[in-house]
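Residue strings, one per chain:
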Amino acid sequence: MSDDNPHSSNGSSKGWIEKILNTFAGEPKNREQLSEFISEAAHNEIINPSTREMIEGVLEVAEMRVRDIMIPRAQMITININETVEKFLPVLLESSHSRFPIISEDKDHIEGILLAKDLLKFAFNPEIKLELKEILRPAIIIPESKKVDVLLKEFREERYHMAIVVDEYGGVSGLVTIEDILEEIVGEIEDETDEEEHNSEDIRPLNKNTYTVKALTEVDDFNEFFKTEFDEEQADTIGGIVLNAFGHMPERDEVIEIDGYEFKITNADKRRLIQLKVTVPKNETEDDAEI
């Protein structure tokens, strides 16, 4: 049957890349040209907007480091290995997470990873004594500088879903999950336990003086969080405020000071800012400490 109509299956299975290359002369020589091809393909309805966003997400992830997407140390939900079930069970239920770092002395001492599902057998058989250290999974340790696309490949090949992130001195600086990476590609992955308000996810503390902030954070949300007065008429997002201050498209690691706040570009491409590191003026953190 296939010999009678050899072109039917080929036409239906032709990939979007081949369609794009058949539509435009030549092949992209660099990422900028590829982005232009993708934008033009979406404009000509060869691919739909959601597909374009995912492709662009893949391209952006290829340029990112783990430090750009990790959950900071301050926001890590951990369980002490010496805690009783009665003490840590409410933490499990309230967070609705499926994996938890288990610590001993502090967050720099990770003993392993607890999978919530591993507790089920103890729930239905109270005679079995629970020893956390006996059911822990090994903790995967990675550096902040690790490329995100490489980590995603390792997640898939090694079949683990969480990694502990350490800084250059070996201290724990955060954690990252496979979901964090996928959300950079396909957008926010919500479930029934997610709250409607996500502003807190746009601004994450690294320590008492510095924060990682998404460039698309709205100016009014930024002002409300930091008690600043950046002009909402000047730009809709804090990334727009920073871009206007630079006067050009800044590259990664460029720094600028605006009204006493230091903004460092931690992630950007040729078209837009993605992630910022914001350092708060010392006098403001001192005032907060006095309060």
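As the structure is a prediction and not an experimental result, all values here were calculated from the model.

What counts, and at which threshold
- Residues numbered from 1 in each chain as written.
- Predicted model: local features only at pLDDT ≥ 70, side-chain atom pairs only at ≥ 80, totals over all residues.
- Heavy atoms only, no water.
- Helix = DSSP H or I, 4+ residues; strand = E, 2+ residues; numbered from the N terminus.
- Buried < 20%, exposed > 50% of the residue type's maximum accessible area, 1.4 Å probe, protein only.
- Contact = heavy atoms within 4.5 Å.
- Areas by Shrake-Rupley, 256 points an atom, 1.4 Å probe, with all protein chains shown as cover.
- Salt bridge = Lys/Arg side-chain N within 4 Å of Asp/Glu carboxyl O.
- 1 Å grid on protein atoms, 1.4 Å probe; cavity = no way out; pocket = protein on both sides within 12 Å on 5 of 7 lines; lining within 4 Å.
- Points joined across faces, edges and corners; volume = space filled by probe spheres on them.
- Nonpolar A, V, L, I, M, F, W, Y, C, P; charged D, E, K, R; others polar.
- Polar contact = N/O pair within 3.5 Å; in protein donor to acceptor, adjacent residues only side chain to side chain.
- Axes fitted to C-alpha atoms, helices over the stretch in contact; angles between N-to-C directions.
- Parallel < 35°, antiparallel > 145°, perpendicular 65-115°, else oblique.
- Left-handed = near helix turned anticlockwise from the far one by under 90°.
- Core = buried A, V, L, I, M, F, W, Y, C linked by side-chain atoms within 4.5 Å.
- Pairing = 2+ DSSP bridges.
- Patch = residues over 30% accessible without salt bridge, like charges linked within 9 Å, V, L, I, M, F, W, Y side chains within 5 Å.
- Lys, Arg positive; Asp, Glu negative; His and termini not counted.
- Charge placed at Lys NZ, Arg CZ, Asp CG, Glu CD.

When its secondary structure is counted, the chain shows 13 helices and 12 strands. The 291 residues of the chain split such that 38% are buried. Residue pairs in contact within the chain that sit at least 24 positions apart in sequence constitute 45% of those at least 6 positions apart. In the structure as shown, the chain presents an accessible area of about 18100 Å², 46% of it carried by carbon and sulfur atoms.

Among the residues of helix α11 (residues 219-226), V219, D221, F222, N223 and F226 are the ones counted as buried. In the segment just after α11, K227 is the residue with positive phi, at about 60 degrees.

Our focus in this paragraph is the pattern of salt bridges. In total, this model carries 6 salt bridges according to the counting rule given. Note that D118 is salt-bridged to R137, the shortest N-O span being 3.2 Å. With D118 in the loop between β4 (110-115) and α6 (120-123) and R137 in the loop between α7 (132-135) and β5 (141-143), this pair connects stretches of sequence that are 19 residues apart. Under the relative-accessibility criterion, D118 is labelled buried at 15%. A salt bridge links E154 to K146, with the nearest nitrogen and oxygen atoms 3.1 Å apart. Classification of E154 as partly exposed rests on a relative accessible area of 24%.

The next thing to look at is the layout of surface pockets. Each pocket or cavity is described by its volume, and for the second largest pocket that value is around 480 Å³. Lining the second largest pocket are 19 residues, and of these R67, M70, E144, L206 and K277 sit closest to its centre. At the level of secondary structure, the elements contributing two or more residues to the lining of the second largest pocket comprise β7 (172-177), β9 (210-214), β11 (261-268) and β12 (273-279). Within the lining of the second largest pocket, the residues separate by chemical class into 4 nonpolar, 6 polar and 9 charged.

Our focus in this paragraph is the environment of S173. Structurally, S173 is set in strand β7. With near-sequence residues (within four places) excluded, S173 lies in contact with M70, I71, P72, R73, E144, V165, V166 and D167. Of note is the side chain of S173, whose polar atom sits 2.7 Å from the side chain of E144.

Moving on to the packing of helix α8 (residues 148-158) against helix α9 (residues 178-186). Following both chains from N to C, one finds α8 and α9 inclined at 125 degrees, their axes separated by 10 Å at the closest point. Here α8 lies oblique to α9, going by the angle between them. Crossing handedness for the pair α8 and α9: left-handed. Of the residues in α9, those touching α8 at V148, L151, L152 and F155 are I178, I181, L182 and I185. Among the residues making up the contact of α8 with α9, the classes are represented as 8 nonpolar, no polar and no charged.

Turning to the nonpolar core, a few remarks are in order. Among the nonpolar cores identified, the biggest contains 23 residues, and V242 and F263 are the most heavily contacted of them. Counting residues per element, the ones that place at least two in this core are β9, α11, α12 (238-246), β10 (255-258), β11 and β12. V242 has contacts with I256, I258, F263, I265, L273 and L276, leaving out every residue within four places of it along the chain. One finds M64, L151, Y160 and I185 within the second-largest nonpolar core, a separate group that totals 17 residues.

This part is about the sheet that holds β5. Read across the sheet, 4 strands follow the order β1-β7-β6-β5 without closing on themselves; strand pairing throughout is mixed. Every other strand in the sheet has two partners, leaving β1 (71-72) and β5 as the edge strands with one partner each. Strand direction decides the pairing type here: β1 and β7, joined by 2 bridges, are antiparallel. Opposite I71, over in β7, you have L175 as the bridge partner.

For the rest of this paragraph, the subject is a negative patch on the surface. A surface patch of like charges, here negative, comprises E218, D220, E224, D231, E232, E233 and D236. Of the residues examined, E224 reaches a relative accessible area of 58% and is grouped as exposed.

Right, let's get into α12. Of all the positions in α12, only I238, G239, G240, I241, V242 and F246 are classed as buried. Considering only its buried residues, α12 is in contact with β9, α11, β10, β11 and β12.

With their axes 6 Å apart at the nearest point, helix α4 (residues 49-61) and α9 run at an angle of 130 degrees to one another. Classified by the angle their axes make, α4 and α9 are oblique. Between α4, through E53, M54, G57, V58 and V61, and α9, the contact on the second element is made entirely by I181, E184, I185 and V186. Of the residues assigned to the contact of α4 with α9, the class counts are 6 nonpolar, 1 polar and 2 charged.

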